[in-house]
Structures are given as structure tokens and as C-alpha cells.
Amino acid sequence: MTTGVHQLVVSLVDDLFGPICAKTVSTILQNNQITMKEIIQHTGFDRRTANQCLCVLIKHRFVRYEESGEKIRTVRYSVDISQSLSLPFYPLFVNIVKQQHGDVAEVVLEELLHQGSSFKDSLLEICLVRLQSSIKDKHTVNMETLNSIFEVLVSRGYVEKTEEATEDGEPPTKKSRSSGGVMWRVNTHTFYTFMRDTQIVEFIKNRFDEGAGEVVSVILLLNNQIDGDMSQCSSSASYDQILHGLKNKSPNMVPFAKSYLDILTDSDLGIVKLVDDYGGGSFLINFSNFYLEFAKHHICSIVRERFGPKSHRIFSIVLAKRMIEQKQVAELALIPYKDAKELLYTLYTQNFIEIQELHRTPDFSPLRTFYLFHVPIEKLTSKLLNVCYKAIYNLMSIRKDNLNENSRLVDKSLRADASTLAATQQGIAPEDLEDMLTSSEKQQLGSCMRIVKRLDLGEINILDSICALTHFGNNQNVH
Amino acid sequence: MSIGRGRGKARSKSSINVISENLGIGRGDIVSLTNTIQPQDTFPPLLRQPQPLLESTQHNYLIALKQEFRNYMRDSPYHIQPETKRSKIERYSDRFKQYNTHKELEWVPNWNMFPGELRMRTSRQANRPEIKPRMVGRRQDHSDATLMKRLEKLQKSENLNTEDDQVSEDDFGLEEDDDVEEDLDYVQNYYDDDYNAFDDDADEGPTIFLSQVVKLTAVFICL
């Protein structure tokens, strides 16, 4: 991984757990795998502080450890980068659960994210306290409803047992009994799978129409692959199953199901595939092809926004033709040769396009060499992914700077809020209270908060691209 | 001759020139290109107006969630604040200060999750007195029946002792109080240090505590 990613991870940790933990993480990142002794040596913290940091980081799964050695056990710590990078997605996860299972489930998931990993009982107790203090109709929420909602989250795969509990395979040991059961944590993979499925449906809707999207969403609902976002294809669904699913979901689409499936399988995207012919055929969704198409789509839109429509045209021609000479590019793009060359070279210098040399003769003479332009998709994806991470890092640092500059005001407003709250609890009307902040201070604070909100919005807007590019990258690594 | 010169000329062409000609870069262009290469600006000027950020009620909700999460974590026990700076001049008293300002973990970890080396004696454990409280009596007196027997015995002995000298009993009483206090400390520690703080219910605590007090007083009066 690159320094950009490292910077982002350190910054994320700094945001949540403070500068001491951030320093520990950056030390571990620099040394890849590292023992406690080395951590203390590099950071200069005392043993107690280092212990506390590592406890917090392991609990929130930013750091993992490996024990080795027979007699003298050495423990090596490393940073779980992929887990750490899912942190910006937490609001999305919470929102997904809210939309699917309601407000109570949202609170449960949010508390679990707060705790990192937790026992079920203690987690639900915290949730109960929080719900009873916030929701108006208190009597509707009790431990039983919370329990059932937790079970639903587990069955949907959003919450899973921690590795320690599952890998041991001997649950009734003395150790686990004394700990009071198993620890639970949020399963990020299920969320990524869910997000991928929504992206596929959106993509198909944009390419074809609503009906095609419905058909694809039915196939995805029938998918029962267990390996989540790592699988290459969905499980196949027969024509009958799809029809049945459509009847339940959107009955008016049923008569067009066959023609939609024909269009989808005939298109050169290769996202929906026909695998069997009997009984009207079985269909599956090829995720690898989708990742590729979606990544291409993202890259093309980035080129269009950054280099303009002409460059976009040239880039998509190179992408479509795979290997192409510059003269042909100019001809196909219907752009004068000189302009086309300039645009092509701009893309080349920005590493969006690469040149492959093909020598006609063994003397490697440039005169008798083809210079073929092509798009290195894997390289480009990882580069753009890093750009995205860098962008989030930049947004975060601007936000921190902004808040640091106005830290005095922010503190003051917090104090003011606390005192008004205390006063209202004592029965004093808020109108009677004196304003602690002057109008100019309020203005300044307001503008600061607006900027912070804007920066947060920027971070959330980047997540879609990150999701698409990460899926493609992971898929390439697996296969 | 003209043919030969032509050949010679063709040979003298360097490969770089051929490539540059092939790529459409003139002789003068190479010089101008090499001169202009400079490190990029930190904030390069935008060539185009970027697209506006997507904004909707859902996005606003996501922002609210994000900020709430951040604020919660900042105020949570997981956020470790740097220690306050010590003065540059080292003092003898600093040694003691440092020892006292150590912040303990404010949450109870499940030690199965962590490697053993992270588990440290908390200062409460370290501060515990070396002398162990007498546990013999407490251990023996688990059933109510024995307790009742002892209480009866106690009553008998009290009746006998009432006429005896008062002073010695007073002394005894004082001692007993001290002992009880020490042992109460022990009881508290014993339950505080329990593995999982969430296990001991709020309503269970005091009852156990009271019964312990009764038992202990019984024991000490007995002794």
C-alpha cells in the first residue's frame, strides 16, 4: 500500500482515538509487523500507554496481532488496512440498516460500531438505555424486541461473531464461559455486497431501463452465494424462479420478463449470462464483468470531467480498441491529427494511457516499430483509488485545521449548550437566558460549521467511486 | 556523391530524433519541453469548473451520522488523551506524581480478545495491601444454618459477659470496627475486580454486600 493510504489510516485513527493512538498506528504502519518492545522504542511511550492504545485499536479492529514461538511467545502487531479503510463507510452501513430494519436496528448497529466489538447483553443494555432516553414512546422498546432485532441482524449477516469465538471451535471451554459468551462485531463484507447489488441494479437501470433493473434485482435476490463480495458469479436462477420473484415484486413487469432477459444476455456487457437452456433457461450475474464495466464507466467519467469531451472521446476509443496506433485514433475520433496527438500525449503524461512498443525487426529500430496505445486498467484503477484516498485525507485535514482554528469558539458553544440544557432542566425558559456567544461569534461559528458540513459531504460523495474501484481491485487480486 | 551524402545523412540521425519525428515533435520543441519541466504546484489551477456535489436529505442524514459518530468517539473512553506535560526540571516529587497521574482503562476489556502481554496490573490491584484479609471465617460461613448457630452462641456469650469488665469490651469493639472496615474494602475490591463489569447486576450488588456485612460482624463478634 502507498503512503497516501497510510496517511489516511493515521488520520482516521487520529480523528477517533486521539493523537497517541495515531502515532502508534503510524509506527506500526512504517514497520509492517512489529513487537511491543519496538513500538515502545519507536514511539517513546511508556508501557501502560502503549498497552492502552493497542487494546483500543484491537478492540476496534484497526490492529490485529499474531502470536508465534513455542516457549517464548512473541506477539507481532500489524494494521488491518482494509478494515480501517471501511471506517468512512460507517454512516452508509448505519443508513442501510435503518432503511431495511428501522430505527431500533439502526441504534443497535450504531452502538456496535461505537464499541468495535462487544458482548450481546452489554450491547443491548446500552441500546435500551439510549432508546429509552430518546424515544417518546418508551414502552414499545424492551429487551425482547432488541433481542429479536439483534437476531435479525445476525441472520442477515450484518453482525457476526469475532474470530476468537469462531475459530476455536470449542465454545464450552472454561475460558469462554468465564468471559460471558461470544463477542460480536459488524461484518463489513455483507454491507459491501449489499452496496454492490444496489450498484448493479442502478447501473442496469441507467444502461437499459427500469424494467431491466427490476429483473436484475430479482436475480440478485435469488443469489445465495456465501462468499459475499469476493465471488465471481451469482448463483444461477431459473426462468421460473425469476418469473415468480417478479410476480411478488412488480407484477406488471411479468409479460416483458423474457424480452428483458434476451436483451440483457445479448448485450456485450456480459453482466447477465445464460447458463442453461432447458425450462426457459437459467441466468446468473457475472460480477467480474460488472466490476470491469463499472470501473471503466468511472474512469471514463473522470477523464471527461478532468480533460474535456474530446479527450474523453479519444480515451474511450483507446479503451474499446484495446491496442491502437495514434493515426487510427485520430481517424476514429474525427479530430484533426495534430489536436488528437496533443490530447493523447496529455493523457499519456497523466498515466491514463500507456504505450506498448512492438518491433517488426530484431534490431529494435524505432522506424520499424509500432507504437500501440492502450489503457492499463488495473494500474489506473489502483492509481485512481489512491487519488480518492488522498482526496479524503485532504478533506479531513482541511476540516481539522478549520476546527482547530475555531477550537475556542467550538468549546465555548459546547459549554453554552450545556449550560442552557442544565437551565432548562431546572425550569428556566431558554428565552430568559443570556446569550454566551456574541452575534459575530455566532456568525463565525456558523460559517465554520458550514464549511465542515461541506467537507463531510465531499467525503461522502467520494465513497461511491472508492466502492467501485475497490471491488474491481479486489476481484483482480483474487483471480 | 549525392547518393552517398544522402546515405550518410540518414545514418547520422540519432534514434531520439527518429522517435521525436515519429511522434511529431520538432527539433526546437525538445529544448522547450526540457526547459519547462518543473515541480507541480500544490494547488494546480482547475481547468474546468468541477461538478457540484450531490446533495439530498439522505446525504444530510449521512453527514449527521458521520458527525455524531465522530463526536461520540471523541468523548468516549476509547479516545486516549495525551498526558499533561511535566516540567523540565526533574523533581523528586515528580516520581510520585507520574505514578498517580496514570490513567487506567475506563472500560473493561475481554482479555480473550487480546494477547496476554497487554494485560497489566491495574493500579487498584497494585495498591492492594500486602496483608491479605482473613478469609477463613467468611469461607466457612456460607450456609444460613451455621450463621444462626453462631448468632445463638454469640447471644449466650454476650449474656455471660455483660457483668464482666466493661473496658476490655470497649477495646475489643474498636479493634473490631477497624477490622470490619478493612474487610469491607476487600469485599468491594473483590466485586469490582470481577471479570465482566456488566455481569454484576445493579440490584444484586447491595444485597450481597449487606449479607456479607452481617456475616462478617457475626464472625468478628464470635472471635
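This write-up is about the structure you can find in this document. (Residues numbered from 1 in each chain as written. Chains lettered and ligands numbered in written order. Predicted model: local features only at pLDDT ≥ 70, side-chain atom pairs only at ≥ 80, totals over all residues. Heavy atoms only, no water.)

1. Side note on the overall build of chain B
Stated precisely, the cut-off is as follows: Only runs of H or I of at least four residues qualify as helices and only runs of E of at least two qualify as strands under DSSP, and these elements are numbered from the N terminus. Each residue is placed in one exposure class: buried if its accessible area under a 1.4 Å probe, protein chains only, is under 20% of its type's maximum, exposed if it is over 50%, and partly exposed if it falls in between. Pairs of residues are marked as contacts when any of their non-hydrogen atoms sit within 4.5 Å. Shrake-Rupley sampling with a 1.4 Å probe provides the accessible areas, and residues are treated as covered by the protein chains on show and by no other component.
Summing up its helical and strand segments, chain B has 10 helices and zero strands in all. Counting helices and strands in the order they occur from the N terminus, chain B gives α-α-α-α-α-α-α-α-α-α. Sorting the 223 residues of chain B into buried and exposed places 19% on the buried side. Across chain B, the fraction of contacts at a sequence separation of at least 24, relative to all contacts at a separation of at least 6, is 69%. About 17,800 Å² of surface is accessible on chain B, with carbon and sulfur atoms providing 54% of the total.

2. Describing the pattern of salt bridges
This is how it is decided: Only one rule defines a salt bridge in this text: a Lys or Arg side-chain nitrogen within 4 Å of an Asp or Glu carboxyl oxygen.
Applying the stated rule across the entire model yields 25 salt bridges over all chains. A salt bridge links A:Lys412 to A:Glu441, with the nearest nitrogen and oxygen atoms 3.3 Å apart. Here A:Lys412, found in helix H20 (residues 407–425), pairs with A:Glu441, found in helix H21 (residues 439–478); they are 29 residues apart in sequence, far enough to count as distant. Grouping residues by exposure puts A:Lys412 and A:Glu441 together as buried. Between A:Arg454 and B:Glu55 there is a salt bridge, with the nearest N and O atoms lying 3.5 Å from each other. Here the residue A:Arg454 occupies a position in helix H21, and B:Glu55 occupies one in the loop between helix H3 (27–36) and helix H4 (57–75), the pair thus bridging two chains. Salt bridges linked by common partners bring A:Asp15, A:Arg399, A:Asp456, A:Glu459, B:Lys66 and B:Arg70 together as one network.

3. Considerations on the interface of chain B and chain A
Under the convention used in this document: Defined here as a combined quantity, buried area equals the accessible surface (1.4 Å probe) lost by two parts on assembly, summed across both. Any pair of N or O atoms that falls within 3.5 Å is considered a polar contact. Within protein, one atom must be able to donate a hydrogen and the other to accept it, and sequence-neighbouring residues count only if both atoms are side-chain atoms.
The interface is formed by 52 residues belonging to chain B together with 70 residues belonging to chain A. Taken over both partners, the interface formed by chain B and chain A buries close to 5,800 Å², and the fraction arising from carbon and sulfur atoms is 61%. The largest contributions to the chain B side of the interface with chain A come from B:Tyr78, B:Ile80 and B:Met113, which together make up 12% of the buried area. Counting across the chain B and chain A interface gives four salt bridges. With its nearest N and O atoms 3.2 Å apart, the salt bridge here joins A:Asp456 to B:Arg70. On the surface where chain B and chain A come into contact, there are 16 residue pairs in polar contact (both at pLDDT 80 or more). Elements that contribute at least two residues to the side of chain B that touches chain A include exactly helix H2 (15–23) and H4 of chain B. Considering every element that reaches the side of chain B that touches chain A, the biggest residue donor is H4(B), with 15 residues.

4. A look at helix H11 (residues 188–207) of chain A
Each full turn of the α-helix corresponds to 3.6 residues, which orients residues three or four apart in the same direction. So the rule is basically this: To estimate how far a helix should extend, the number of its residues minus one is multiplied by 1.5 Å.
Helix length check: H11(A), at 20 residues, gives a terminal C-alpha distance of 28 Å against a target of 28 Å (1.5 Å per residue), a fit within 8%. The opening residue of H11(A) is A:Asn187, an N-cap whose side-chain oxygen sits 3.2 Å from the backbone nitrogen of A:His189.

5. So, the side chain of A:Ser11
Following the sequence through the fold, A:Ser11 ends up in helix H1 (residues 3–17). What A:Ser11 contacts, discounting residues up to four positions off in sequence, is A:Tyr393, A:Met396 and A:Lys400.

6. A word on helix H16 (residues 309–321) of chain A
Residues and elements named next belong to chain A. In this model, H16 (13 residues) spans 18 Å end to end at C-alpha, consistent with the 18 Å of a helix rising 1.5 Å per residue. Ser-311, His-312, Ile-314, Phe-315, Ile-317, Val-318 and Leu-319 are the residues of H16 that are buried. Its buried side turned inward, H16 meets helix H15 (287–307), helix H17 (326–333), helix H18 (337–349), strand E11 (369–374) and helix H19 (377–405). Where H16 terminates, the next one or two residues include Arg-322, which has phi positive at roughly 65°.

7. Some points on the side chain of A:Asn95
Tracing the backbone shows A:Asn95 in helix H6 (residues 90–115). Since its relative accessible area comes to 5%, A:Asn95 is described here as buried. Filtering out sequence-adjacent residues up to four positions away, A:Asn95 remains in contact with B:Gln58, B:Tyr61, B:Leu62 and B:Leu65.

8. Some remarks on the pairing of strand E2 (residues 63–68) of chain A
Side-chain direction in a regular strand flips from residue to residue, so the side chains alternate between the two faces of the sheet. Residues and elements named next belong to chain A. In plain terms, the rule: Strand pairing is assigned whenever DSSP detects at least two bridges linking the two strands.
Of the pairings in the sheet, the one linking E2 to strand E3 (residues 74–79) comprises six bridges and is antiparallel in character. The partner of Arg-64 across the bridge, within E3, is Ser-78. Taken together, E2 and the strand that follows it, E3, pair antiparallel across an intervening segment of five residues, in which Gly-69 is found at a positive phi of about 95°.

9. Things to note about the environment of A:Thr49
Relative to the elements of secondary structure, A:Thr49 occurs in helix H4 (residues 47–59). Sequence separation between A:Thr49 and A:Tyr90 is 41 residues, and the spatial gap between their C-alpha atoms is 27 Å.

10. Here's the deal with the sheet that holds E2(A)
Within a beta sheet, neighbouring strands are joined by backbone hydrogen bonds and run either parallel or antiparallel to one another. All names here are of chain A. Taken in spatial order, the three strands line up as E1-E3-E2 in an open sheet, and their pairing is antiparallel. Of all the strands in the sheet, just strand E1 (34–35) and E2 have a single pairing partner and so form its edges. In terms of strand pairing, E1 meets E3 through two bridges, oriented antiparallel. In the strand pairing of E3, Ile-34 is matched with Tyr-77.

Taken by themselves, the reported measurements are silent on function.
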